[in-house]
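# Structural overview for review
The residues making up each chain are set out below.
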Amino acid sequence: MAYKMVVCDLDETLLNDKKLIPAVNIAAIKAAVAQGIYFVPNTGRGYLTVQDNLQTLGLLQQKNEYVISYNGGAIVENFNNQILQTCVMPFSVVESLFELGIAQGYCVHVYTVDQLYIWNISASEINYLTGRVNQWHETTEPNLNFLRGQDLIKIIFFVPQEAERLALKEQVLAQYTYPLNISFSSDRYIEFNSIEADKGQAAIALGNRLNIKPTEIIAVGDNSNDLPMIRQAGLGVSVANGRKFVKQAADYITAADNNQGAVAEVLRKFVL
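We now turn to the structure provided with this report.

Our focus in this paragraph is unusual backbone geometry. In this structure, Asn 81 is a non-glycine residue whose phi angle is positive, near 45°. By the element assignment, Asn 81 lies in the loop between strand S4 (74–77) and strand S5 (82–86). Assessed through its relative accessible area of 19%, Asn 81 is described here as buried. A positive phi is found at Ser 186, a non-glycine position, where the angle reads about 55°. When you line up the elements, Ser 186 lands in the loop between strand S10 (180–185) and strand S11 (189–194).

The next subject is empty space enclosed by the protein. Counted under the stated rule, the structure contains 1 cavity of 30 Å³ or more. For the largest cavity, the lining is made up of 22 residues, of which Asp 11, Arg 45, Ser 185, Ser 186 and Glu 191 are closest to its centre. When the residues that make up the lining of the largest cavity are grouped by side-chain class, the tally is 6 nonpolar, 7 polar and 9 charged.

This brings us to the environment of Gly 149. With respect to the helices and strands, Gly 149 occurs in the loop between strand S8 (137–138) and strand S9 (152–158). Sequence separation between Gly 149 and Phe 91 is 58 residues, and the spatial gap between their C-alpha atoms is 7.7 Å.

Time to look at the packing of aromatic side chains. Working definition: an aromatic ring pair is given by the centre-to-centre distance plus the angle between the planes. Scanning all chains against the criterion turns up 10 aromatic pairs. The structure contains a cluster of three or more aromatic residues connected by ring pairs, namely Phe 98, Tyr 117, Trp 119 and Phe 146. One cation-aromatic arrangement involves Lys 269 over Phe 270; the distance from NZ or CZ to the ring centre is 5.7 Å.

By size, the foremost hydrophobic cluster in this structure holds 48 residues, and its most contacted members are Val 6, Leu 14, Phe 39, Leu 57, Ile 218, Val 220 and Leu 267. At 5 residues, the largest contribution of residues to this core is made by helix H10 (residues 262–270). When residues no more than four places from it in sequence are discounted, the contact partners of Val 6 are Ile 37, Tyr 38, Phe 39, Val 40, Ile 218, Val 220, Leu 267 and Val 271. The next biggest cluster of nonpolar side chains, apart from the first, holds 26 residues, and it includes Phe 91, Val 108, Val 159 and Ile 182.

Axis separation between helix H2 (residues 23–34) and H10 bottoms out at 7 Å; the angle between their running directions is 35°. Relative to H10, the crossing made by H2 is left-handed. Listed contacts from H10 to Val 24, Asn 25, Ala 28, Ile 29 and Ala 32 of H2 are Ala 262, Val 263, Ala 264, Leu 267 and Arg 268. Taken together, the residues that form the contact of H2 with H10 break down as 8 nonpolar, 1 polar and 1 charged.

There is about 210 Å³ of room inside the largest pocket. Taken together, 14 residues make up the lining of the largest pocket; nearest its centre are Leu 48, Thr 49, Asp 114, Gln 115 and Gln 135. When its residues are assigned to classes, the lining of the largest pocket shows 7 nonpolar, 6 polar and 1 charged.

What follows deals with the side chain of Ser 238. Its place among the elements puts Ser 238 in strand S13 (residues 235–238). When neighbours within four sequence positions are excluded, Ser 238 is seen to be in contact with Gly 221, Val 246, Lys 247, Ala 250, Tyr 252, Ile 253 and Thr 254.

Right, let's get into the sheet that holds S11. Judged by pairing direction, the sheet is mixed, and its 6 strands sit side by side in the order S8-S7-S6-S9-S11-S10 without closing on themselves. Where the open sheet ends on each side, the last strands, each with one partner, are S8 and S10. Pairing analysis gives 6 bridges linking strand S6 (residues 107–112) to S9, with the strands arranged antiparallel. Bridge pairing links Tyr 111 to Lys 154 in S9. Across the sheet, helix H4 (residues 91–103) touches S6, strand S7 (116–119), S9, S10 and S11, and the angle it forms with S9 is around 15°.

Before going further, it helps to spend a moment on the pairing of S6. For S6, a buried count of 6 out of 6 residues is recorded, marking the element as mostly surrounded by other parts of the structure. Side chains Cys 107, His 109 and Tyr 111 project from S6 onto one buried face, and the interleaved Val 108, Val 110 and Thr 112 project onto a second face that is buried too. Bridge analysis of S6 against S7 gives 4 bridges, and the strand direction is antiparallel. Across the sheet, residue Val 108 finds its bridge partner in S7, namely Trp 119. Between the end of S6 and the start of S7, which pair antiparallel, lie 3 residues.

Attention shifts here to the pattern of salt bridges. Throughout the structure, instances matching the rule amount to 11 salt bridges. Between Asp 9 and Lys 199 there is a salt bridge, with its nearest N and O atoms 3.0 Å apart. Placement of the pair is Asp 9 in the loop between strand S1 (5–8) and helix H1 (10–14) and Lys 199 in helix H7 (residues 199–209), with a sequence separation of 190 residues. Like Asp 9, the residue Lys 199 is buried in the burial classification. Of the charged contacts in the structure, one is a salt bridge between Arg 243 and Glu 162, with a shortest N-O distance of 2.8 Å. Placement of the pair is Arg 243 in the loop between S13 and helix H9 (244–249) and Glu 162 in helix H6 (residues 162–175), with a sequence separation of 81 residues. Connected through salt bridges with shared partners, the residues Asp 11, Glu 12, Arg 45 and Arg 132 form a single ionic network.

The rules behind each value
Residues numbered from 1 in each chain as written. Predicted model: local features only at pLDDT ≥ 70, side-chain atom pairs only at ≥ 80, totals over all residues. Heavy atoms only, no water. Helix = DSSP H or I, 4+ residues; strand = E, 2+ residues; numbered from the N terminus. Buried < 20%, exposed > 50% of the residue type's maximum accessible area, 1.4 Å probe, protein only. 1 Å grid on protein atoms, 1.4 Å probe; cavity = no way out; pocket = protein on both sides within 12 Å on 5 of 7 lines; lining within 4 Å. Points joined across faces, edges and corners; volume = space filled by probe spheres on them. Nonpolar A, V, L, I, M, F, W, Y, C, P; charged D, E, K, R; others polar. Phe/Tyr/Trp six-rings, centres within 6.5 Å; stacked < 30°, edge-to-face > 60°. Lys NZ or Arg CZ within 6 Å of the ring centre and 35° of its normal. Core = buried A, V, L, I, M, F, W, Y, C linked by side-chain atoms within 4.5 Å. Contact = heavy atoms within 4.5 Å. Axes fitted to C-alpha atoms, helices over the stretch in contact; angles between N-to-C directions. Left-handed = near helix turned anticlockwise from the far one by under 90°. Pairing = 2+ DSSP bridges. Salt bridge = Lys/Arg side-chain N within 4 Å of Asp/Glu carboxyl O.

Structural data, given as structure tokens:
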């Protein structure tokens, strides 16, 4: 199979534990792009937070190069950060989830198309975000009224215990009639999107724009929010440090982990 596009998670996949792209990944990605392969970061983060990564890869402000952000909530062309597609959530749903998270004392993130607002931020969260998310607004506003009328893409809670994340997912699914895409990332977050937003649907939609079939796409990831793209792509890959359930869904599991250049391994084996 001749693959034409690689969609790739960032944290714990493309990036090492120092929040940097290993040199072997950089070299392999540049070689793949030079051959005409699309390399598309597919992340739960906002597209503005990946600009440094794009610069490292030579993709910053490039026409006909793309980023998928917010777990599929937005597809963006790198040149002028042109937003091609968004999947927004009703304000009332985000507001209700926000109230649930605040009542539980969680650190809550709310994403608009281009801004991130955080409540109850801790030193641990600041340490994790620094170097990954370069800009956010810490707020103590007791409600979301100041965001009424804006497009809201995603809301997440920092819930460090997996059992609590799983229980919370079941609680929300039972409580809400609005169909939600609920996923987990980085072994610390529970994430809420519109059911129309996931990394897989966005990868297929971008492929359609570029006349690339699902079978011509490789998807690489490590956690729950990566499952839709791993399942829908022609070749779904889990990095060695991926969660067990991700490895079970993957067509290929790398020998290398995110610190050892897992993405380079994939590109060398299937693309270059």
